[in-house]
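Commentary on secondary and tertiary structure
The primary structure of each chain is shown beneath.
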Amino acid sequence: MVFSLSLVTVTIAALLASVSGQQLRLKVSGPAQVSDIADLTVTTTLINTGADKVTLIKEPSSALSSSPAHSFNLFHDSGSTPEFTGILYKYSLEKAAKNPETLVTLAPGASIEVSHSLAGTYNFTRSGSGSYNISPSTLFYIVNAEGTAEQVHAVLQNTHAVSFTPGSRLAVSPPAAARSIEQRGLSKRATYSSCSSTRQTQIAAAIPAAVSYVSESLSYLNAHTTTSTRVVTWFGTWSSSKRTTLVTQYTSLQATGSYTDWTYDCACTDGDSNTYAYVYPSQYGTINLCDAFWSAPTTGTDSKAGTLIHESTHFTKTAGTSDHAYGQTAAKALAISNPSHAVLNADSHEYFSENNPSLA
Ligand SMILES: *[C@@H]1O[C@H](CO)[C@@H](O)[C@H](O)[C@H]1NC(C)=O
């Protein structure tokens, strides 16, 4: 076995985790042919083929959740990919690992099936009708022996082929952004949808703090034209082109009216108690706020203002970031392992801007 060679150098927890990833098998099935995207629902099955039970987090972008997150890789025969039109979340793996409601335990031999409707989550217009290969993301978070979240990759058993007949409907609209007409006056100000007055007050305090984070981040980047601990910690190896990218991203967050005249929706229909917030990247200026947001501090690590930074970088119109890593530890590790992903990772921008603890 592979792991016996390195037994002396790895910790028992790491060993258990590597066993858990290997013992998870992932399958995908669905219709072979559709004429309407509304009929494109695929089913994922995660099987525990090992001898030990595994506890997993139902994280939104994993195959264990039916949320309209980016949980699939889709390739047209021509190699092109459909456009992702679903949701990007700020999610706390730390909270999730301690929350029984968002955990699922698979006994040896047990499996879990989840269906995923791809309508509204992907728009196939650009890539067109014809055949697609569908593979679910193999990334899962397990709760390890220490009770903390740990990444594992399941073994993918198969991919699924589906074809759209010519003339198929290839897209449906995702839900429209909330608009609360009565609060949209001539004067520019934030619009609140389904937010109590207490929550409006909390958001109103976070908005100027987020605006300050953006201007402080930008001044910092303009003042530091050579390597710095703060940039390297969150975005990896320093280069002048990386600094230029960051300046461009933060400049786009400083557009007139950013944060101050955006729409804040408190209904949160697609989150659980580990979710701070989410956006549809194409719906510029609408941020949906969820449970974890309300108990966060106004500023500091994983704060309300920081959450607004995180979400605002997801918009296609600003930085178009994804969620490659959640939490400070994973974001720091990402800066080292994959710096090009770090500059496109929303939590990395949030932690850079929150700058807590403060780095030079
Ligand atoms: C899908 O994308 C195309 C552009 O590729 C766009 O014209 C169309 O409006 C989109 N459809 C929906 C329902 O969003």
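Here, every reference points to the structure presented above.
This text gives an overview of the structure that appears in the document.

Rules used in this analysis
Residues numbered from 1 in each chain as written. Predicted model: local features only at pLDDT ≥ 70, side-chain atom pairs only at ≥ 80, totals over all residues. Pairing = 2+ DSSP bridges. Helix = DSSP H or I, 4+ residues; strand = E, 2+ residues; numbered from the N terminus. Axes fitted to C-alpha atoms, helices over the stretch in contact; angles between N-to-C directions. Buried ≥ 20, exposed ≤ 12 C-beta atoms within 10 Å, placed from the backbone. Left-handed = near helix turned anticlockwise from the far one by under 90°. Contact = placed C-beta atoms within 7 Å. Nonpolar A, V, L, I, M, F, W, Y, C, P; charged D, E, K, R; others polar.

With respect to the sheet that holds strand β5 (residues 72-76)
- Read across the open sheet, the four strands follow the order β2-β15-β11-β5; overall the sheet is mixed. Two strands close off the open sheet at either side, each with one partner strand: β2 (33-36) and β5. The sheet shows a mean angle of 30 degrees between the axes of neighbouring strands, taken without regard to direction.
- Of the strand pairs in this sheet, strand β11 (residues 130-136) and strand β15 (residues 160-169) are connected by five bridges, and their pairing is antiparallel. Bridge assignment links Y132 to a residue of β15, and that residue is V162.

A short note on the pairing of β11
- Across five bridges, β5 lies against β11 in antiparallel orientation. The partner of L74 across the bridge, within β11, is I134.

Details of unusual backbone geometry
- Along the chain, N356 connects to P357 via a cis peptide bond; the corresponding omega equals -5 degrees.
- You can see P357 is positioned in the segment after α11 (346-354).
- Not every positive phi belongs to a glycine, and C268 is a case in point at roughly 40 degrees.
- Mapped onto the secondary structure, C268 falls in the loop between β17 (263-265) and β18 (275-279).
- You can call C268 partly exposed: it has 17 C-beta atoms within 10 Å.

Points about the packing of helix α4 (residues 197-223) against helix α8 (residues 304-314)
- One can describe the packing of α4 onto α8 by two numbers: an axis separation of 8 Å at closest approach and a directional angle of 65 degrees. For the pair α4 and α8, the sense of crossing is right-handed. When α4 is examined against α8, the residues Q202, A206, A209, A210 and Y213 are found in contact with a partner set consisting of K304, A305, L308 and I309.
- Its residues assigned to classes, the contact of α4 with α8 comprises seven nonpolar, one polar and one charged.

Notes on the sheet that holds β17
- Spatial strand order, β7-β18-β19-β17-β16: five strands in an open sheet with mixed pairing. Two strands lie at the open edges of the sheet, namely β7 (88-91) and β16 (191-193), each paired on one side alone. The mean angle between the axes of side-by-side strands here comes to 20 degrees, regardless of whether they run parallel or antiparallel.
- Where β7 and β18 come together, four bridges link them in antiparallel fashion. By the bridge assignment, Y89 is partnered in β18 with Y278.
- Of the strands in this sheet, β7, β18 and β19 (286-289) touch α8, which is tilted by about 30 degrees from β18.

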